[in-house]
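As a plain string of letters, each chain reads:
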Amino acid sequence: MSETGRIFAIGDIHGCRIEFEHLLQKLSLKNDDQLVLLGDLINRGPDSKGVLGVARQLPNVRCLIGNHELRLLQYRSSSDPTKLKPYDWDTIYQLSDADWNFISTFESHIEFPEIETLLVHGGFVPWTPWQDQPLEDIVNIQVVDERDKEYGKRSHLPKAPSWQDLWKGPPFVVCGHTPRKEVYKQKSSICIDTGCVYGTRLTAFELKSKQIIQVAAYEDYVSKNPPVK
Ligand SMILES: [Mn+2]
């Protein structure tokens, strides 16, 4: 691992290949730079297969599992389609064996201990050591109710705060998964899912300098604005 290069994270791409390529141009990655894609590369947007093709060819890239990749991988290993969303089929029909093999290399989390930073798709509950939290939870979590020790999606617990509001760190956590119009920064975490597929922006974050680099979405691909909160 290079000690000198930059380390970029990119938020949820969701099939937005054109914006992904535009952002990569803007980063102009060098040989000693590293790149982590925070998961949910696929689904909802126009070109999931294209995003996987671009990602696979990048040097020094690692990818995290998002809830969308996890659902597809669970279907692939179980042949049980009951948990699939209707739009999953659009992606499944596009994927080659090489695409499936690539997705199966995606990681649950990535640590950069030298800068006390941890990358994950969704987040963590603040009351359990992060190392003990199951993959299903860390790719899906958005909000937490500390009193009742409940956690889940914003739609499931509409009054509960973001898990980030209660996360104290260390480590500093970089995540995606909860789309907002702006980057959501707390003292010990940052969420960089800025809802590209909803027509907002695709965001990259450089872990050492804390610099934000963004490109505008070309379209709202799902005709639904991301929540402001
Ligand atoms: Mn997600």
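Heads up: the structure comes first, above all this text.
A short tour of the structure in this document, coming up. (Residues numbered from 1 in each chain as written. Predicted model: local features only at pLDDT ≥ 70, side-chain atom pairs only at ≥ 80, totals over all residues. Heavy atoms only, no water.)

## Section: the pattern of salt bridges
Piece 1. The full count for this structure, using the stated rule, is ten salt bridges.
Piece 2. Note that R17 and E21 form a salt bridge whose closest N and O atoms lie 2.9 Å from each other. Highlighted residues: R17 and E21, both in helix 1 (residues 17-27), separated by four residues, approximately one helical turn.
Piece 3. E21 gets classed as partly exposed once you look at its relative accessible area, which sits at 31%.
Piece 4. For D148, the salt bridge goes to R147, with nearest N and O atoms at 3.7 Å.
Piece 5. Accessibility expressed as a relative area gives 73% for R147, which makes it exposed.
Piece 6. Several salt bridges converge on common partners, so that one network encompasses R17, E21 and D47. (Salt bridge = Lys/Arg side-chain N within 4 Å of Asp/Glu carboxyl O. Helix = DSSP H or I, 4+ residues; strand = E, 2+ residues; numbered from the N terminus. Buried < 20%, exposed > 50% of the residue type's maximum accessible area, 1.4 Å probe, protein only.)

## Some details on the nonpolar core
Piece 1. Counting residues in each nonpolar core, the largest one holds 41 residues, and the members touching the most others are I10, I13, F20, L37 and L41.
Piece 2. The contacts of L37, once residues within four sequence positions are left out, are I10, I13, F20, A55, V61, R62, C63 and L64. (Core = buried A, V, L, I, M, F, W, Y, C linked by side-chain atoms within 4.5 Å. Contact = heavy atoms within 4.5 Å.)

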